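The residues making up each chain are set out below.
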Amino acid sequence: MTKKIIVEIHFNAFGIIPDRFEKKWIDHRMALFMKYAVSSLKKQTNQNFLTLVRYEDSTEKLIKEALAQYKKLPSNIKFVNKAEHMNELKEGCQSNDYIYIARLDSDDLYHKTYVQQLHDYKPKKDTEVLINQNGYLYDSMTSRIGEYYHFSPQFYVFIYKSDEYLEGKRYRPDGHGNVIKKFKYELLKNRNYVNVIHKQNSSNKRLGTKDTFNGSVGLKNIIADPAKVNDILKAFM
């Protein structure tokens, strides 16, 4: 049974931040995207995947201007508008039995073996989603990293039969915290992600000081030694 693995990144098409349509936000976010997500995707040991980076249609000019400041992206990383996004997903379904949609934020990281893991993994017949509960929390402002656990994090993979996806089937979790509650799931055991904290985070900016970082639920074994932090990050970017 063949599968198409698609890494789906919502750049500025969705969210609660009103200035995500403005040039300043887009330029800064593009820098984060190139530093973190692109580095992680380019480091994947298996490059047999497609990344769709979804942007708000009305910001296309600003997106293209921001992209022009960097080297051309690999062919398997594409910025797409709404129509292009859907066309790419449908095309992925045409020649494969299954489509795996792996969620990644534009400023986070996956382990370099993650795509290979998804190719190798054989889920149960009725499984709808694969969930990564274990990863790292990286405070880029203080260069500290810690082991991190989240019961239902944003690092998940929806599994669709291609014919059902083409017929309109969609999983709608209404927030990543509901994924584990609403769908038939399996847990991936490896420590597969790095959730990056930086100044522009809307959901994580409360963790930007030492006290709140240390007090974050699910965080343990914090490392501050630069060499040890870099050793961990090398497996992700």
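Since we're looking at a predicted model, the values are computed, not measured.

Rules used throughout
- Within each chain, residue numbers correspond to sequence positions counted from 1 in written order.
- Confidence filtering applies because this is a predicted model: local features only for residues at pLDDT of at least 70, side-chain atom pairs given and counted only at 80 or more, and all residues used for totals across whole chains, interfaces and linings.
- Side-chain numbers come from the whole structure's heavy atoms, not from hydrogens or water.
- Pairing between strands requires that DSSP locate at least two bridges from one strand to the other.
- Labels follow the DSSP assignment, with helices taken as runs of H or I lasting at least four residues and strands as runs of E lasting at least two, numbered in each case from the N terminus.
- Between the N-to-C directions of two axes lies an angle of 0 to 180 degrees, each axis being a line fitted to C-alpha atoms and, for a helix, fitted only over the stretch in contact.
- Residue contacts are counted whenever heavy atoms from the two residues lie within 4.5 Å of one another.
- Among buried residues, those of type Ala, Val, Leu, Ile, Met, Phe, Trp, Tyr and Cys that are joined through side-chain atoms within 4.5 Å constitute a nonpolar core.
- The rule is simple: take the accessible area with a 1.4 Å probe, protein chains only, and divide by the maximum for that residue type; under 20% is buried, over 50% is exposed, in between is partly exposed.
- Confidence of the predictor at the level of single residues is given by pLDDT, which spans 0 to 100.
- A pair of Phe, Tyr and Trp rings is counted when the ring centres sit within 6.5 Å of each other, with Trp represented by its six-membered ring. The angle between the planes then sorts it: under 30 degrees is stacked, over 60 is edge-to-face, the rest tilted.
- Here, expected helix span is obtained from the residue count minus one, scaled by 1.5 Å.
- Working definition: the arc comes from the directions between the helix axis and the C-beta atoms, pointing outward to the latter.
- Whenever two N or O atoms come within 3.5 Å, that pair is a polar contact, provided that in protein one can donate a hydrogen and the other can accept it, and provided that, for residues adjacent in sequence, both atoms are side-chain atoms.

### Let's talk about the sheet that holds strand 2 (residues 50–54)
- Strand order in the open sheet formed by seven strands is 3-2-1-4-9-6-10, and the pairing between neighbours is mixed. Each edge of the open sheet carries a strand with a single partner, namely strand 3 (77–80) and strand 10 (185–188). Between one strand axis and the next, the sheet turns by 25° as a mean value, whatever way the strands run.
- The sheet contact formed by strand 1 (residues 3–10) and strand 4 (residues 98–103) spans six bridges and is parallel. Bridged to E8 within strand 4 is R103.
- Sitting on the sheet, helix 3 (residues 82–94) is in contact with strand 1, strand 2, strand 3 and strand 4, with an inclination near 160° to strand 2.

### Regarding the nonpolar core
- Of all hydrophobic cores here, the largest spans 37 residues; its most connected members are I9, F11, M30, F33, F79, L104 and L118.
- Per element, the largest residue contribution to this core is eight residues, and it comes from helix 1 (residues 23–42).
- Setting aside chain neighbours within four positions, we find I9 in contact with F33, A37, L41, T51, L52, V53, R54, L104, D105 and S106.
- Membership of the second largest hydrophobic core comes to 18 residues, among which are I6, V129, Y165 and F183.

### Considering the confidence of the model for the protein chain
- Taken as a whole, the protein chain shows an average pLDDT of 93; of its residues, 93% reach a score of 70 or greater.
- Residue range residues 202–209 is modelled with pLDDT below 50. Its contacts to residues more than four positions away, or to other chains, number 14 contacts.

### Digging into the environment of L50
- Mapped onto the elements of the fold, L50 is located in strand 2.
- Note on L50: relative accessible area 8%, which makes it buried.
- With 38 residues separating them in the primary sequence, L50 and N12 have C-alpha atoms 19 Å apart.
- Filtering out sequence-adjacent residues up to four positions away, L50 remains in contact with K4, I5, I6, V7, N76, K78 and E88.

### What to know about the environment of E91
- For E91, the position within the fold is in helix 3.
- The exposure class of E91 is exposed, given its relative accessible area of 54%.
- Sequence separation of E91 and S162 is 71 residues, and the distance between their C-alpha atoms is 9.9 Å.

### Things to note about the packing of aromatic side chains
- Applying the stated criterion across every chain, the model contains 15 aromatic pairs.
- Plain terms: the ring middles of F155 and Y193 are 4.0 Å apart, the flat faces sit at 10° to each other, and that makes the pair stacked. Taken together, the residues F155 in the loop between strand 8 (144–149) and strand 9 (156–161) and Y193 in strand 11 (residues 193–197) connect sequence positions 38 residues apart. Per residue, the accessibility class of F155 equals that of Y193, and both read buried.

### Considerations on the pairing of strand 11
- Counting buried positions over the five residues of strand 11 gives five, a clear majority of the element.
- The alternating pattern of strand 11 places Y193, N195 and I197 on one face and V194 and V196 on the opposite face, and all of these are buried.
- Sheet topology places strand 5 (residues 109–110) next to strand 11; two bridges connect them, and they run antiparallel. Bridging across to strand 11, L109 finds its partner in V194.

### Comments concerning helix 3
- Here helix 3 spans 19 Å end to end across 13 residues, near enough to the 18 Å set by a 1.5 Å rise per residue.
- Every buried residue of helix 3 is accounted for by H85, E88, L89, G92 and C93. End-on view of helix 3: buried residues confined to an arc of 140°, all on one side of the axis. Exposed residues on helix 3 whose side chains face more than 90 degrees from its buried face are E91 and Q94.
- Summarising the contacts, the buried residues of helix 3 are in contact with strand 1, strand 2, strand 3, strand 4 and helix 5 (162–166).
- The opening residue of helix 3, the one whose side-chain oxygen lies 3.2 Å from the backbone nitrogen of A83, is N81.

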